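A closer look at the structure
Here is how the chains run, residue by residue.
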Amino acid sequence: MEYVISLLGPMWSGAQVTLKLFVITMLLSIPLGLALALVRISRLRSLSAAVGAYIWLMRGTPLMLQLLFIYFALPFVPVIGVRLPDFPSAVVAFALNYAAYFAEIFRAGIQSIDRGQYEGAKVLGLTYGQTMRRIILPQMWTRILPPVSNETITLVKDTSLIYVLALNDLLRVARGVVQRDFTFTPFIVAGCFYLGMTLILTWIFQYLERRHARFDA
Amino acid sequence: MPVLTPETIRPREAMICAQHIHKSFGATSVLRGISLELQRGEVVAIIGPSGSGKSTFLRCLNHLETIDSGRITVEGEVLVENDANGQARYVPEAKIRSIGRKMGMVFQSFNLFPHLTVLENIIEAPMLVKKMARADIVPRAEQLLQKVGLLDKRDAYPNRLSGGQKQRVAIARALAMGPDILLFDEPTSALDPELTGEVLRTMRELAQEHMTMLVVTHEMGFARDVANRVIFMDKGEIVEQAPAQAFFANPQQQRTKAFLHNTL
């Protein structure tokens, strides 16, 4: 038991890296995903197609490959080549990748709203922008909470991929201790940390779903 | 010097004037040269078998559908007319919007906003479109709710309402924008029979207040008792139109007779 308690300090510092990546990725990828979804469904054909290609690319290649590419290969790409430090590299890769998944969830959510809602708004004189902002998107959130919840929980666990950039996240810290002390206990502690984080997220989404249920048809 | 009366300033002008409206969905021709004039204060019912194009025609008037050729004016303002090649050419987007605001619409499927309460459903458009302050529109909204008999449902969400109540809220919502004309697209067709009465009663009251109304309906009783004029459409054409009493008492066309025989 004392041994477990002694682990909490270093594990917590690893968890902070995990949480930081998680929060920043969420804050960036949700607005970006929403913007991508709106372009994807817009009548701007070429832009919509470009977003389609982007989503295909980001969903069609491993996140680990994207991480490695942004950290190691991006500096050598002509014109846009920049050398990012390790943590910002991870943030960029995660945000770009998750934005693609969120974009598809948002698109499906928007397209699941009945056409009558657009017509009802149109005959009242609302513009497309007002219709989206006040009528369609608020209803979209209700419908996409379950898939967003899924994606969010996946993100918590996907953050462990940043070990490839030698970032000391929760899992990499645990692995270091396992190799030092020849015991699996740190893995169990790390598992508990992940479970704790996902439990909190589950509660948050349950609360949101309940709150939205009051007007669900 | 002529006397300036409303008639001389603005010679009796149709609220809606539609001329030779043609529309196809792909190869299917749904409107074949429909023409209609709707006068101020007039209540016109459009009846006809399903697939006759009556709903499509109504939806063309407020630009929910676009026409292929023809001309539509609303209170004298051109919404769409033919270009030199006989193709329908619409006025710019902003103009379409301002013309559209002269008309309110009530749908078969209500189309209330489920995430907003009854009151919010009514005040949303006046606040967004007319930029009215909440404090100014709420009393008006409550007055409208009183009128349709649903003031007690002010803070309920639409999922708590019956179909008839939803439709009455939809009518109040349309009225809150202060339209000159109300279009009804089969307003009672989605309702259980015992709920149609309350919606028809509200519509009847509006007619008595001389609201200009164009009503696509299957309610023959409403058409006969409330409408000034009845139009019978079939296969994308107006087969017959007449003052309501005469229409039902003495239909002229064979197709009208057959339709009335089957529905009454």
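If you're wondering where the values come from, they're calculated on a predicted model, not measured in any experiment.

**Structural notes on the overall build of chain A**
Scanning chain A for helices and strands turns up eight helices and zero strands. Listing each helix as α and each strand as β along chain A from the N terminus yields α-α-α-α-α-α-α-α. Along the three orthogonal principal directions, the C-alpha set of chain A runs to about 70 × 50 × 20 Å. Within the span of chain A, comprising 217 residues, buried residues form 43% of the whole.

**Some words on the pattern of salt bridges**
Two side chains that carry opposite charge are able to pair once their charged atoms sit near each other. Residue and element names in this part refer to chain B. The final tally for this structure, using the stated rule, is 22 salt bridges over all chains. Across the salt bridge formed by Glu81 and Arg71, the nearest N and O atoms sit 2.9 Å from each other. Here Glu81 is found in strand E5 (residues 77–82), whereas its partner Arg71 is found in strand E4 (residues 69–74), with ten residues between them in sequence. Looking at Arg71, the relative accessible area reads 30%, which means it is partly exposed.

**Some details on the sheet that holds strand E6 (residues 88–90) of chain B**
All names here are of chain B. Reading across the sheet, the five strands line up as E2-E1-E4-E5-E6 and stay open at both edges, with antiparallel pairing between neighbours. Bordering the open sheet on either side are strand E2 (28–38) and E6, each of which pairs with just one other strand. Averaged over all pairs of adjacent strands, the angle between their axes in this sheet comes to 20°, without regard to strand direction. Strand direction decides the pairing type here: strand E1 (residues 16–25) and E4, joined by five bridges, are antiparallel. From the neighbouring strand, Ala18 faces E4, where its bridge partner is Ile72. Relative to E5, helix H3 (residues 93–100) is tilted by about 125°, and along the sheet it contacts E4, E5 and E6.

**Side note on the nonpolar core**
Judged by nonpolar contacts, the single largest core of 58 residues is most densely connected at A:Met11, A:Leu67, A:Phe94, A:Phe106, A:Leu126 and A:Leu170. Put simply, the parts of the chain that give this core at least two residues each are helix H1 (2–40), helix H3 (63–73), helix H4 (86–111), helix H6 (128–158), helix H7 (170–181) and helix H8 (185–213) of chain A together with helix H4 (118–128) of chain B. By residue number, the principal contributor to this core is H6(A), which donates eleven residues. Listed in part, the 52 residues of the second largest apolar core include B:Leu145, B:Ala174, B:Phe259 and B:Leu260.

**Description of the packing of H4(A) against H6(A)**
All names here are of chain A. Packing of H4 against H6 leaves a shortest axis separation of 8 Å and a crossing angle of 140°. With respect to H6, the element H4 is oriented oblique. Handedness of the H4/H6 crossing: right-handed. Of the residues contributing to the contact of H4 with H6, the split by class is 16 nonpolar, three polar and two charged.

**So, the pairing of strand E10 (residues 229–234) of chain B**
All names here are of chain B. For E10, the tally of buried residues reaches six of six residues, placing the bulk of the element in the interior. Residues Arg229, Ile231 and Met233 line one face of E10 and the alternating positions Val230, Phe232 and Asp234 line the opposite face, and both faces are buried. The pairing of E10 with strand E11 (residues 237–243) spans six bridges and is classified as antiparallel. Across the sheet, the residue bridging to Asp234 is Glu237, located in E11. Linking two consecutive strands that pair antiparallel, namely E10 and E11, is a turn of two residues; a positive phi of about 50° is found at Lys235 within it.

**Points about the interface of chain A and chain B**
Contact with chain A, which involves 22 residues of that partner, is made by 25 residues of chain B. Between chain A and chain B, the buried area comes to about 2,100 Å², and carbon and sulfur atoms account for 57% of it. Sorting the residues of chain A by area buried against chain B places A:Val123, A:Leu124 and A:Phe215 first, and these three jointly supply 30% of that buried surface. Inspection of the chain A/chain B interface yields two salt bridges. In this structure, the connection of chain A to chain B is made through eight residue pairs in polar contact (both at pLDDT 80 or more). Sorting the residues of the side of chain A that touches chain B by element identifies helix H5 (115–123) and H6 of chain A as the ones contributing at least two each. When residues of the side of chain A that touches chain B are assigned to their parent elements, the largest contribution, eight residues, is made by H5(A). Looking at the side of chain A that touches chain B residue by residue, the class counts come to eight nonpolar, seven polar and seven charged.

**Here's the deal with the sheet that holds strand E3 (residues 43–47) of chain B**
Residues and elements named next belong to chain B. The sheet built from six strands is open, its strands ordered E7-E8-E9-E3-E10-E11 with mixed pairing. On the outer flanks of this sheet lie strand E7 (103–106) and E11, each paired with one strand and no other. Across the sheet, the mean angle separating the axes of adjacent strands is 15° when strand polarity is ignored. For strand E8 (residues 181–185) and strand E9 (residues 212–216), the ladder comprises five bridges, and the chain directions are parallel.

**Topic: the pairing of E5(B)**
Residues and elements named next belong to chain B. When E4 meets E5, the two strands line up antiparallel, connected through three bridges. By the bridge assignment, Ile72 is partnered in E5 with Val80. Linking two consecutive strands that pair antiparallel, namely E4 and E5, is a turn of two residues; a positive phi of about 50° is found at Glu75 within it. In this sheet, E6 lies alongside E5 in antiparallel orientation, the contact comprising three bridges. Residue pairing across strands places Val80 opposite Tyr90, the latter belonging to E6. The antiparallel hairpin formed by E5 and E6 contains five residues in its connecting segment, where Gly86 sits at a positive phi of about 80°.

**Structural notes on the environment of B:Ala141**
Residues and elements named next belong to chain B. Its location among the elements puts Ala141 in helix H5 (residues 134–147). Accessibility expressed as a relative area gives 0% for Ala141, which makes it buried. Leave out the neighbours within four places in its chain, and Ala141 touches Leu119, Ile122 and Ile123.

Rules used throughout
Residues numbered from 1 in each chain as written. Chains lettered and ligands numbered in written order. Predicted model: local features only at pLDDT ≥ 70, side-chain atom pairs only at ≥ 80, totals over all residues. Heavy atoms only, no water. Helix = DSSP H or I, 4+ residues; strand = E, 2+ residues; numbered from the N terminus. Buried < 20%, exposed > 50% of the residue type's maximum accessible area, 1.4 Å probe, protein only. Salt bridge = Lys/Arg side-chain N within 4 Å of Asp/Glu carboxyl O. Pairing = 2+ DSSP bridges. Axes fitted to C-alpha atoms, helices over the stretch in contact; angles between N-to-C directions. Contact = heavy atoms within 4.5 Å. Core = buried A, V, L, I, M, F, W, Y, C linked by side-chain atoms within 4.5 Å. Parallel < 35°, antiparallel > 145°, perpendicular 65-115°, else oblique. Left-handed = near helix turned anticlockwise from the far one by under 90°. Nonpolar A, V, L, I, M, F, W, Y, C, P; charged D, E, K, R; others polar. Buried area = accessible area lost by both parts, 1.4 Å probe. Polar contact = N/O pair within 3.5 Å; in protein donor to acceptor, adjacent residues only side chain to side chain.

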